[in-house]
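# Geometric and topological summary
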Amino acid sequence: MQKPARRPAPRHARPSRRGRTAALAATGALAVTGAGLLGVPAVTGAQAAALPTVTQDKLTPATMVAGTASAASLTLHSSSCFTAKTVGVGLRDAAGKNLDFPGNKSNVQVCPAGLSITTGTRTLAAGTYTQFGFWQDSTGGWHNLPSRQLVVSADTATPTPTPTPTPTTTPTTPATGAPVAGKKLTWSDDFNSLDLGSRWTADRSSSYHYGDHNPNDNKLDWLNKNNVSVSGGVATFTARPSTHTLENGKQAWDTGLLTTEYSKEGFQVKTGDYIETRVKLPAGTGAWPALWTWNGTSGAHGEIDAFEYHSDNPNLLELTNHINPGHLYYTDAKAINKDGWVTIGTHFGATSVDWYINGAKVFSDGKGVGAGWAAYPILNLSLSAGNYHPAPSGTTPITFAADYVRVYR
């Protein structure tokens, strides 16, 4: 679960007269124009020498579905701190026409510690596009970062509009049953009690490098079974500053995780299953809750992210297939909110993984998990270490709640 950050509501895209063409695109970290095109400030040798080196660390998405609105995300860093007049994500079709993602960021500071932005959403027709990050220096010169292909597949299923939930402080009773036809409830926990040992494990996972902590994944987590509690049919995951220090020198946060791995039951979801949870999304800075799967012995570790959430992007869920790469940043200001309840489901199809929000299908990746896939479900509250999203500020505990986890087969 190593993801770039997302940012607030985008501004309008910058003018196309900047003249970004393939001839200006850099193959390395920094693109410097020569004589420049009409209306584009040229960057002289002396100016180029004074500019910092800018490196593109991450650019997503790599795939989209035709007709489905998606945002782009860019993570970059520089050799020294400076203020960029503009940072954004460019896009060209096969004919070279600019179709940039809207929502450039203006007057932002880029430093060695890195910067992550998320654009506004846009829809595209099926086809292959050229995608790249770009930035503008203080003199007005435009610089393209390394490009990559963005493949937009044909829309094979039109998502049903997402119903509008009413955020509450306690979960409403959801309908039982899967939105996928022919499935029956095979495993569930409604959190009337917390069964550690037989059903769940709360203090370790093979997805964590050291078993109970994983600083290599930009996490401050230190797993502690006492940081998961159950009351009134709701499981609460609480994160607090820890007495432990991570290997990278950062202070850890004790936090909660539930996984079926290492439990006596050892339950795994498998190809064809549908998993669903109803959760209350956290508001605390640095919060990184998720429902995901893991199997250390399978390809891509069997990881499917039913959802990931970062409170700095309050209306966005990350939906990701790591096995056969497919991804969507799903935004819905009515359904997804800090301190709001939302129902999230995932169908692990052999040829397509499908995601559901409040019972409505919102994304089909057309990739699937393949036949014979199986993995352990994980529900947890991680804390970002600050590389892609803000780290926790202060010492106030952060909480994340779940009403249930149910698997249909």
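If you're wondering where the values come from, they're calculated on a predicted model, not measured in any experiment.

Bringing the overall build of the protein chain into the picture now. Helix and strand content of the protein chain: one helix and 25 strands. Looking at the protein chain as a whole, 53% of its 409 residues qualify as buried. Split by element, the accessible area of the protein chain, about 16100 Å² in all, is 51% carbon and sulfur.

Turning our eyes to something else, we now look at the state of the cysteines. A covalent bond bridging the sulfur atoms of two cysteines is what the word disulfide describes. Counted under the stated rule, the structure contains one disulfide. At a sulfur-sulfur separation of 2.1 Å, the disulfide partner of Cys81 is Cys111. Disulfide Cys81 to Cys111: torsion about the S-S bond roughly 125°, handedness right-handed. Of this pair, Cys81 sits in the loop between strand 3 (73-78) and strand 4 (82-92) while Cys111 sits in the loop between strand 5 (105-110) and strand 6 (115-118), and the two are 30 residues apart along the sequence.

Okay, the sheet that holds strand 3 next. Taken in spatial order, the three strands of this open sheet run 1-3-6, and their pairing is antiparallel. The sheet is open, and its two edges are formed by strand 1 (54-60) and strand 6, each paired on a single side. Pairwise comparison of adjacent strand axes, ignoring direction, gives a mean angle of 20° for this sheet.

Under the defined criterion, the tally for this structure stands at 11 aromatic pairs. Ring centres 4.9 Å apart and planes at 10° place the aromatic pair Trp187 and Phe267 in the stacked group. With a gap of 80 residues between them, Trp187 in strand 9 (residues 185-189) and Phe267 in the loop between strand 14 (257-259) and strand 15 (269-270) connect regions that are remote in the sequence. Across the pair, Phe267 and Trp187 agree in class, each one buried. Following the ring pairs from residue to residue traces out a cluster consisting of Trp187, Phe191, Trp200 and Phe267. Lying over the aromatic face of Tyr262, Arg204 brings its terminal NZ or CZ to 3.9 Å of the ring centre. Over the ring of Trp288 we find Lys219; its NZ or CZ atom is 5.5 Å from the centre of that ring.

Our next topic: the environment of Gly88. Relative to the helices and strands, Gly88 resides in strand 4. Overall, the relative accessible area of 0% leaves Gly88 in the buried class. Taking C-alpha positions, Gly88 is 8.7 Å from Phe132, a pair spaced 44 residues apart along the chain. Those residues in contact with Gly88 that sit more than four places away from it in its chain are Leu74, Asn104, Ile117, Phe132, Gly133 and Phe134.

Next up on the list: the confidence of the model for the protein chain. Mean pLDDT over the protein chain stands at 84; residues scoring 70 or higher make up 83%. Low confidence marks residues 2-44, where pLDDT is under 50. Its contacts with residues over four positions away, or in another chain, come to 134 contacts.

A few words now on the sheet that holds strand 8 (residues 142-153). Spatially, the five strands line up as an open sheet ordered 2-8-7-4-5, and their pairing is mixed. The strands lining the two open edges of the sheet, one partner per strand, are strand 2 (63-65) and strand 5. Put simply, the sheet's adjacent strands are angled 35° from each other on average, direction ignored. Examined bridge by bridge, strand 2 and strand 8 share three bridges and lie parallel to one another. Residue Thr63 lies in a different strand from strand 8, and its bridge partner there is Val151.

Attention now goes to the environment of Thr271. Inspection of the secondary structure assignment puts Thr271 in the loop between strand 15 and strand 16 (274-280). Sequence spacing of Thr271 and Val353 is 82 residues, and the spatial spacing of their C-alpha atoms is 9.6 Å. With residues near it in sequence (within four places) discarded, Thr271 still touches Phe348, Gly349, Ala350, Val369, Gly370, Ala371, Gly372 and Trp373. Within polar-contact distance, the side chain of Thr271 engages the backbone oxygen of Gly370 at 2.8 Å.

Looking at the secondary structure, you find His327 in strand 20 (residues 326-331). Classification of His327 as buried rests on a relative accessible area of 12%. A polar contact is formed between the side chain of His327 and the backbone oxygen of Leu319, at a distance of 3.4 Å. At 3.5 Å, the side chain of His327 forms a polar contact with the side chain of Tyr329.

Parameters at a glance
Residues numbered from 1 in each chain as written. Predicted model: local features only at pLDDT ≥ 70, side-chain atom pairs only at ≥ 80, totals over all residues. Heavy atoms only, no water. Helix = DSSP H or I, 4+ residues; strand = E, 2+ residues; numbered from the N terminus. Buried < 20%, exposed > 50% of the residue type's maximum accessible area, 1.4 Å probe, protein only. Areas by Shrake-Rupley, 256 points an atom, 1.4 Å probe, with all protein chains shown as cover. Disulfide = S-S within 2.5 Å. Pairing = 2+ DSSP bridges. Axes fitted to C-alpha atoms, helices over the stretch in contact; angles between N-to-C directions. Phe/Tyr/Trp six-rings, centres within 6.5 Å; stacked < 30°, edge-to-face > 60°. Lys NZ or Arg CZ within 6 Å of the ring centre and 35° of its normal. Contact = heavy atoms within 4.5 Å. pLDDT = per-residue confidence, 0-100. Polar contact = N/O pair within 3.5 Å; in protein donor to acceptor, adjacent residues only side chain to side chain.

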